[in-house]
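Breakdown of the fold
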Amino acid sequence: MSIETNDVLGSLSESMERLSAATSLLEKTVNWLEQREVSMTGELLKITAAVEEKPRPEQELERKLAVAEQQIAELRAAAAQGVTARKTVPAATAQLLAKQGITTLDSVEAGALDVALTGLSIEQRIAVKSQLMRAGALV
Amino acid sequence: MRLDAMAVTMPEVEGHPNRVPFEGVLTLVDEPSNRAPSGARGHRVILTRAAALSALPSLLGMAVDYTPRWDGHDARRKCGIITEADVAGNQLKVSGYLFGRDFPEVEQQLTRGAPESMGMSYELADAHVADMKAEVWTLTRATFTGAAILLREKAAYRSTAFRLQGKRCRTVVPMERPVRMAARHSAYGRGINQGLQILKGKETRCL
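Okay, so let's go over this structure. (Residues numbered from 1 in each chain as written. Chains lettered and ligands numbered in written order. Predicted model: local features only at pLDDT ≥ 70, side-chain atom pairs only at ≥ 80, totals over all residues. Heavy atoms only, no water.)

Looking now at the pattern of salt bridges. Under the counting rule described, the total for this entry stands at eight salt bridges over all chains. Arginine 141 of chain B is the partner of glutamate 43 of chain A in a salt bridge, and the nearest nitrogen-oxygen pair spans 3.1 Å. Of the two residues, glutamate 43 of chain A is situated in strand 1 (residues 42-48) and arginine 141 of chain B in strand 8 (residues 136-151); the pairing between them involves two chains. A salt bridge links aspartate 30 of chain B to arginine 49 of chain B; the nearest nitrogen and oxygen atoms lie 3.9 Å apart. In this pair, aspartate 30 of chain B sits in the loop between strand 2 (19-28) and strand 3 (44-47) while arginine 49 of chain B sits in helix 1 (residues 49-59), placing the two residues 19 residues apart along the sequence. With a relative accessible area of 42%, aspartate 30 of chain B lands in the partly exposed category. Given the relative accessible area of 25%, arginine 49 of chain B is considered partly exposed. Residues joined by salt bridges that share partners form a network here, namely Glu23, Glu116, Arg152 and Arg163 of chain B. (Salt bridge = Lys/Arg side-chain N within 4 Å of Asp/Glu carboxyl O. Helix = DSSP H or I, 4+ residues; strand = E, 2+ residues; numbered from the N terminus. Buried < 20%, exposed > 50% of the residue type's maximum accessible area, 1.4 Å probe, protein only.)

In structure tokens:
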């Protein structure tokens, strides 16, 4: 009789251990599921059922191209104005420079100009140089 | 019983110059949006029926707004108010009043525009997404903060609608079926109880 009781107690003890292990495993599973749910779910502060109109890449490129073309046109116009705005030198100044050997007014070096203007007063030299600078001829 | 309808009792004023009744379909429930709504990070969304029903109390008293180009929301251009909302089939229907005298351009757009060209867009706050990794996000909880009137082509849900009501008849009926509250002891639940107290008797009113 005592042997049977011991067997029963032994089996009960074994069953208890199994139940304890199963319970522990279930708790771990529940924790894992809760953590998984937290990582899957999310909250949105605001959502509106209107479609956001995002510019297509082609439209954005076209816009940038138009801006660049406009800038190029403006730069070309500015460069052309710089050339056409070139003024001629007064005839008296041109004759004076011609007497000193300066016949072309496209580009006049400062050293050659000083030599040519040796006989002029300081005010006259300043006036001639200013005219040449406005004409874009003084290098 | 499942409470599918809710309304704010508005006192009648014959010939009110600023009340222009409207009705519309705000959204579909248990149906994915046709396109991604703003704020959904490119995902289409599904508003569940349960989430819509729970959020119905938050929709009443909210405003409808518009933009001059009828293409989105502008909370600073509130032009009307929602007074009734119900879920019929897979449609969340709303009705209310536009402030017609304050916003004559809204009424003009609706009367002169192409028929059935206008739709609606909801605005939700604190929306709970069941699975952020899913391709289509399912919203299981949300709070309505307003709605917009816009061109149907600008709406995430193509099947929305918005139109003026020529003559509005409301029938107030008693709740014959038992009610099951989403949150029996919540503020919303108490609000529902108060609303049910008002819905007694049967009366049809045509405005």
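The interface is formed by 14 residues belonging to chain A together with 30 residues belonging to chain B. Between chain A and chain B lies a buried interface of about 1,900 Å² when both sides are counted; carbon and sulfur atoms form 53% of it. Sorting the residues of chain A by area buried against chain B places Leu44, Ile47 and Ala49 of chain A first, and these three jointly supply 35% of that buried surface. Our count for the contact surface shared by chain A and chain B stands at one salt bridge. Take the side of chain A that touches chain B: its biggest share by element is seven residues, from strand 1 of chain A. In terms of residue class, the side of chain A that touches chain B is made up of seven nonpolar, three polar and four charged. Both strand 1 of chain A and strand 7 (residues 118-129) of chain B contribute to a ladder of six bridges, which runs antiparallel. Bridging from a neighbouring strand, isoleucine 47 of chain A pairs with leucine 124 of chain B of strand 7 of chain B. (Contact = heavy atoms within 4.5 Å. Buried area = accessible area lost by both parts, 1.4 Å probe. Nonpolar A, V, L, I, M, F, W, Y, C, P; charged D, E, K, R; others polar. Pairing = 2+ DSSP bridges.)

A few words on unusual backbone geometry. Residues and elements named next belong to chain B. At arginine 41, a residue that is not glycine, the phi angle is positive and equals roughly 55 degrees. Relative to the assigned elements, arginine 41 resides in the loop between strand 2 and strand 3. Classification of arginine 41 by relative accessible area gives exposed; the value is 59%. One non-glycine residue, aspartate 126, adopts positive backbone phi at about 50 degrees. Counting through the fold element by element, aspartate 126 comes out in strand 7.

A cluster of nonpolar side chains, contributed by Val8, Leu9 and Leu12 of chain A, occupies part of the molecular surface with about 280 Å² of accessible area. Structurally, the position occupied by leucine 9 of chain A is in helix 1 (residues 2-40). (Patch = residues over 30% accessible without salt bridge, like charges linked within 9 Å, V, L, I, M, F, W, Y side chains within 5 Å. Areas by Shrake-Rupley, 256 points an atom, 1.4 Å probe, with all protein chains shown as cover.)

All names here are of chain B. The residue serine 58 is located in helix 1 in this model. A polar atom in the side chain of serine 58 sits 2.5 Å from the backbone oxygen of alanine 55. Side-chain polar atoms of serine 58 contact the backbone nitrogen of phenylalanine 144, separated by 3.0 Å. (Polar contact = N/O pair within 3.5 Å; in protein donor to acceptor, adjacent residues only side chain to side chain.)

This part is about the environment of isoleucine 102 of chain A. Tracing the backbone shows isoleucine 102 of chain A in the loop between helix 3 (91-99) and helix 4 (110-116). Using a relative accessible area of 11% as the deciding quantity, one classes isoleucine 102 of chain A as buried.

With that settled, the discussion passes to the side chain of glutamate 123 of chain B. By the element assignment, glutamate 123 of chain B lies in strand 7. Buried charge glutamate 123 of chain B goes without a salt bridge, the closest partner of opposite sign being lysine 46 of chain A at 4.3 Å. With residues up to four places along the chain from it excluded, the contact list for glutamate 123 of chain B reads Lys46, Ile47 and Thr48 of chain A together with His73, Thr143, Phe144, Thr145, Gly146 and Ala147 of chain B. (Lys, Arg positive; Asp, Glu negative; His and termini not counted.)

For the rest of this paragraph, the subject is the packing of helix 3 of chain A against helix 5 (residues 122-135) of chain A. Residue and element names in this part refer to chain A. Two numbers describe how helix 3 lies on helix 5: the axes approach to 11 Å, and their chain directions differ by 105 degrees. In terms of orientation, helix 3 and helix 5 fall into the roughly perpendicular class. Along its contact with helix 3, which presents Thr93, Leu96 and Leu97, the element helix 5 presents Val128, Gln131 and Leu132. Taken together, the residues of the contact of helix 3 with helix 5 sort by class into four nonpolar, two polar and no charged. (Axes fitted to C-alpha atoms, helices over the stretch in contact; angles between N-to-C directions. Parallel < 35°, antiparallel > 145°, perpendicular 65-115°, else oblique.)

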